[in-house]
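Understanding the architecture of this molecule
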Amino acid sequence: MSNIVALQTPAPLRPRDYDPAQLALIRRTVAADTTPDEFNMFIEIAKRAGLDPFRRQLYCLVYSKNDPEKRKVSFITGIDGFRAVAQRNGDYRPDDEEPVFTTDDAAKDPDTNPHGLAQVTVKACKRHGS
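Residues numbered from 1 in each chain as written. Predicted model: local features only at pLDDT ≥ 70, side-chain atom pairs only at ≥ 80, totals over all residues. Heavy atoms only, no water.

1. A look at the overall build of the protein
Helix and strand counts for the protein stand at 3 helices and 6 strands. N-terminal to C-terminal, the α/β element order of the protein is α-α-β-β-α-β-β-β-β. Sorting the 130 residues of the protein into buried and exposed places 21% on the buried side. When contacts within the protein are restricted to residue pairs at least 6 apart in sequence, those whose partners lie at least 24 apart make up 45%. If you sum the accessible surface of the protein, you get close to 9700 Å²; carbon and sulfur atoms cover 51% of it. (Helix = DSSP H or I, 4+ residues; strand = E, 2+ residues; numbered from the N terminus. Buried < 20%, exposed > 50% of the residue type's maximum accessible area, 1.4 Å probe, protein only. Contact = heavy atoms within 4.5 Å. Areas by Shrake-Rupley, 256 points an atom, 1.4 Å probe, with all protein chains shown as cover.)

Structural data, given as structure tokens:
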């Protein structure tokens, strides 16, 4: 029996609107090196998921930015983003264990995986009763 629980976004979720100065700040910092389309996608994902890049809930990473053949962009939900979603769900209980990072030297690549991350395990617990 699995204890994995699908987190659902409650309705209604009001997307955050950013003014031009905030968008420029996000573009220079959290989403540096993105193309206009990648940046627009990042902002749209943040709005729809109700995640705030200013609160380190959502990250944007560009890999191999100087090589068009290998270029990739990843939008990554941070632990604070998962916590925000879980809190909105109402069933959040933080786990007592820290995240576990597993690395593999064979997986290291200076452009796409400089630390050689092979797996990251983060536990979330569903609260039972009051």
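2. Here we look at unusual backbone geometry
The backbone phi angle of Asp-33 is positive, close to 75 degrees, even though this residue is not glycine. Its place among the elements puts Asp-33 in the loop between helix 1 (20–28) and helix 2 (36–49).

3. Some thoughts on the pattern of salt bridges
Using the criterion set out here, one finds 7 salt bridges in the structure. The shortest N-O distance in the salt bridge between Asp-17 and Lys-47 comes to 4.0 Å. Highlighted residues: Asp-17 in the segment before helix 1 and Lys-47 in helix 2, separated in sequence by 30 residues. Judged by its relative accessible area of 61%, Asp-17 is exposed. Residue Arg-71 pairs with Glu-38 through a salt bridge whose shortest N-O separation is 2.7 Å. Separated by 33 residues along the polypeptide, Arg-71 in the loop between strand 1 (58–63) and strand 2 (72–77) and Glu-38 in helix 2 bring together distant segments of the chain. The class of Glu-38 is buried, set by a relative accessible area of 15%. (Salt bridge = Lys/Arg side-chain N within 4 Å of Asp/Glu carboxyl O.)

4. A few points about the nonpolar core
It is characteristic of soluble globular proteins that their nonpolar side chains tend to be buried jointly. Counting 11 residues, the largest nonpolar core is built from Tyr-18, Ile-26, Ala-31, Phe-39, Phe-42, Ile-43, Ala-46, Leu-51, Leu-58, Cys-60 and Val-85. Every element with two or more residues in this core is listed here: helix 2 and strand 1. No other element matches helix 2, which puts 4 residues into this core. Sequence-distant contacts of Tyr-18, that is, excluding residues within four places in its chain, are made with Leu-23, Ile-26, Ile-43, Lys-47, Leu-51, Asp-52, Pro-53 and Phe-54. (Core = buried A, V, L, I, M, F, W, Y, C linked by side-chain atoms within 4.5 Å.)

5. Re the side chain of Thr-34
Secondary-structure assignment places Thr-34 in the loop between helix 1 and helix 2. Leaving out residues up to four positions away in the same chain, Thr-34 has contacts with Arg-27, Phe-39, Cys-60, Val-62 and Arg-71.

6. Concerning the packing of helix 1 against helix 2
For the pair helix 1 and helix 2, interaxial distance at closest approach is 11 Å and the crossing angle is 115 degrees. The orientation of helix 1 relative to helix 2 falls into the category roughly perpendicular. For the pair helix 1 and helix 2, the crossing hand works out as right-handed. Between helix 1 and helix 2, the contacting residues are Leu-23, Ile-26 and Arg-27 on the first element and Pro-36, Phe-39, Phe-42 and Ile-43 on the second. (Axes fitted to C-alpha atoms, helices over the stretch in contact; angles between N-to-C directions. Parallel < 35°, antiparallel > 145°, perpendicular 65-115°, else oblique. Left-handed = near helix turned anticlockwise from the far one by under 90°.)

7. A word on helix 3 (residues 79–89)
Those residues of helix 3 that sit buried are Gly-81, Ala-84, Val-85 and Ala-86. Following helix 3 by one or two positions, Gly-90 adopts a phi angle in the positive range, close to 90 degrees.

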